[in-house]
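# Examination of the molecular architecture
If you want the building blocks of each chain, they are given just below.
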Amino acid sequence: EDVNNIIFKIFQVFGIIISLFIIVTPTWLFTIFLFPIQIILILVGIWVIYSIIISLKNKREGAIILLSGFILFFIFIINDILFSQNVFRTSFFAPIGLVIFIFCQSIVLSIRYARVFRTAEYLSANLQKEVSQKTVILKKQKEELENINKKLILLEQMKELLIQTVVHDINTYATIIIGDINLF
């Protein structure tokens, strides 16, 4: 997220091409190209360190741990390159650096997983609290609506009674008036 994806894609393509070249060609052929491959490997390592430093500046969680682990891994890779070129008289340490880097990645992943788990627990607890609060509010609203409904039913009954009374009274007066008119 923090670095240019085009450079990442270019390094991926180079990595696939180099890997296929090493797998397909005989040992004597790819060892001729070992030094250019090692130079590309160093460039990739520098780019990865740069990328992790950018992540560190952007305050990404665990970036310092990844940076520490990768720097150790990169130092061991450089040692192995220099050892293979007969510059140093040490041994191959890249596998140890790889284990250290993988351990650093597992630490970062466990920290992130723990944070996500805590967030999920918090949200779950708050969700239950929120559901409880909304349930209480809904019960109160239901009671209010039931009371309003009872009042409306009572008003409807009173309206019907009033209409019946008015119609009865009108009919009574109409009958009296009509009766009086018929007498004449």
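Look a little higher up for the structure.
The numbering scheme is per chain: residues are counted from 1 as the chain's sequence reads. Only residues with pLDDT of 70 or above have their local features reported here, since the model is predicted, and side-chain atom pairs are shown and tallied only from 80 upward, although totals for entire chains, interfaces and linings are computed over all residues. Each side-chain value is derived from all of the structure's non-hydrogen atoms; neither hydrogens nor water enter the calculation.

## What to know about the overall build of the chain
- Along the chain, the regular secondary structure elements total five helices and zero strands.
- A run of H or I in DSSP counts as a helix once it spans at least four residues, and a run of E counts as a strand once it spans at least two, with each numbered from the N terminus. Listing the helices and strands of the chain from first to last along the sequence gives α-α-α-α-α.
- In summary, the chain has a C-alpha radius of gyration of 42 Å against a globular reference of 16 Å for 184 residues, an excess of more than 25%.
- The principal-axis extent of the C-alpha atoms belonging to the chain is close to 140 × 30 × 30 Å.
- Accessible area is worked out with a 1.4 Å probe on protein chains only. A residue is then buried under 20% of its type maximum, exposed over 50%, and partly exposed in between. A burial count over the chain gives 15% of its 184 residues as buried.
- Any two residues having at least one pair of non-hydrogen atoms within 4.5 Å are treated as being in contact. Across the chain, every contact between residues at least 6 apart in sequence was considered, and the portion connecting residues at least 24 apart equals 54%.
- Methods summary: accessible areas were calculated by the Shrake-Rupley approach with a probe of 1.4 Å, and residue burial reflects only the protein chains presented. As displayed, the chain has an accessible area near 14,500 Å², and 71% of this comes from carbon and sulfur atoms.
- Under the counting rule used here, the positive set is Lys and Arg, the negative set is Asp and Glu, and His together with the chain ends is not counted. One atom stands in for each charge, and that atom is NZ of Lys, CZ of Arg, CG of Asp or CD of Glu. Averaging the coordinates of the 16 positive side-chain charges in the chain and doing the same for the 13 negative ones gives two points 17 Å apart. Based on C-alpha atoms, the radius of gyration is set beside the globule rule, defined as 2.2 Å times the residue count to the power 0.38.

## Some points on a nonpolar patch on the surface
- Here the term patch refers to residues with relative accessible area over 30% and no salt bridge, with like charges joined within 9 Å and nonpolar side chains (Val, Leu, Ile, Met, Phe, Trp, Tyr) within 5 Å. Each reported salt bridge corresponds to a side-chain nitrogen of Lys or Arg within 4 Å of a carboxyl oxygen of Asp or Glu. There is a patch of nonpolar side chains on the surface, built from L145, I148, L152, L154, L155 and M158 and spanning about 610 Å² of accessible area.
- Its place among the elements puts M158 in helix α5 (residues 94-183).

## Digging into the packing of aromatic side chains
- Classification of ring pairs uses Phe, Tyr and Trp, with its six-membered ring standing for Trp, and accepts pairs whose centres are within 6.5 Å; under 30 degrees between planes counts as stacked, over 60 as edge-to-face, and the remaining range as tilted. Taken as a whole, this structure holds 10 aromatic pairs when the rule is applied.
- Judged by centre distance (5.4 Å) and plane angle (70 degrees), the rings of F70 and F101 are edge-to-face. Note that F70 is positioned in helix α4 (residues 63-84) and F101 in helix α5, a separation of 31 residues in sequence.
- Owing to a relative accessible area of 13%, F101 belongs among the buried residues under this scheme.
- Each residue in the set F70, F73, F74 and F101 is aromatic and connected to the rest through ring pairs, giving one cluster.

## What about the packing of helix α1 (residues 5-24) against helix α3 (residues 34-57)?
- For helices, the fitted axis covers only the stretch in contact; all axes are lines through C-alpha atoms, and the angles between them, taken along N-to-C directions, range from 0 to 180 degrees. Viewed as axis vectors pointing N to C, α1 and α3 meet at an angle of 150 degrees, and their least axial separation amounts to 11 Å. Overall, the two elements α1 and α3 adopt an arrangement that is roughly antiparallel. For the pair α1 and α3, the sense of crossing is left-handed. Residue-level inspection shows I7, F8, F11, I18 and I22 of α1 in contact with α3, the latter providing I37, I40, L43, V44 and W47.
- In terms of residue class, the contact of α1 with α3 is made up of 10 nonpolar, no polar and no charged. Working rule for angles: under 35 degrees goes down as roughly parallel, over 145 as roughly antiparallel, 65 to 115 as roughly perpendicular, anything else as oblique. Two helices cross in a left-handed way if the nearer one is turned anticlockwise from the farther one by less than a right angle. They cross in a right-handed way if the turn is clockwise. Nonpolar residues are Ala, Val, Leu, Ile, Met, Phe, Trp, Tyr, Cys and Pro. Charged residues are Asp, Glu, Lys and Arg, and all others, Gly as well, are polar.

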